[in-house]
Amino acid sequence: MDNQAVLIRGSLHPLELAELIKALIQAKKINGGSEKEVFDFFQQLLDLPFDKREKLQSIRKRSTDLTPLIHELEFHLKQWINRS
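The shown structure was predicted, so the numbers you read here are calculated from the model rather than taken from an experiment.

Definitions and cut-offs
- Every chain is numbered independently, its residues counted from 1 as its sequence is written.
- Predicted model: local features are reported for residues with pLDDT of at least 70 only, side-chain atom pairs are reported and counted for 80 or more only, and whole-chain, interface and lining totals are derived from all residues.
- The side-chain values count all of the structure's non-hydrogen atoms but skip hydrogen atoms and water molecules.
- A run of DSSP states H or I qualifies as a helix once it reaches four residues; a run of E qualifies as a strand once it reaches two. Both are numbered from the N-terminal end.
- Note on classification: 1.4 Å probe, protein chains only; a residue is buried when its accessible area is under 20% of the maximum for its type, exposed when over 50%, partly exposed between these limits.

**Focus: unusual backbone geometry**
Across residues other than glycine, the phi torsion is negative in most instances, and most of the peptide bonds are trans.
Then, in step 1: In this model, K28 sits at a positive phi of 60°, which is unusual for a non-glycine residue.
Then, in step 2: Structurally, K28 can be placed in the loop between α2 (14-26) and α3 (35-45).
Then, in step 3: The exposure class assigned to K28 is exposed, which follows from its relative accessible area of 65%.
Then, in step 4: The backbone of D47 shows a phi angle near 50°, a positive value even though the residue is not glycine.
Then, in step 5: With respect to the helices and strands, the residue D47 is situated in the loop between α3 and α4 (52-60).
Then, in step 6: By relative accessible area, which is 35% here, D47 ends up partly exposed.

Following this line, the structure appears as structure tokens:
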């Protein structure tokens, strides 16, 4: 694994990665391959293995903030866009 992937992995939690991947799949922003193949690809790319089923169940059980990572990403991207 190269240093770039290790640096990226350093601040991403497996649950966040599962949320991001599932959102991309549901929005049809990732094409080709099964859901399992997509999850496996990103886990291998970022050297961040996790139990996909467990993480997706955790996401489904959320009751207050349903998509915290997506909200955080939206907030920071908007901040960047609106910077003078």
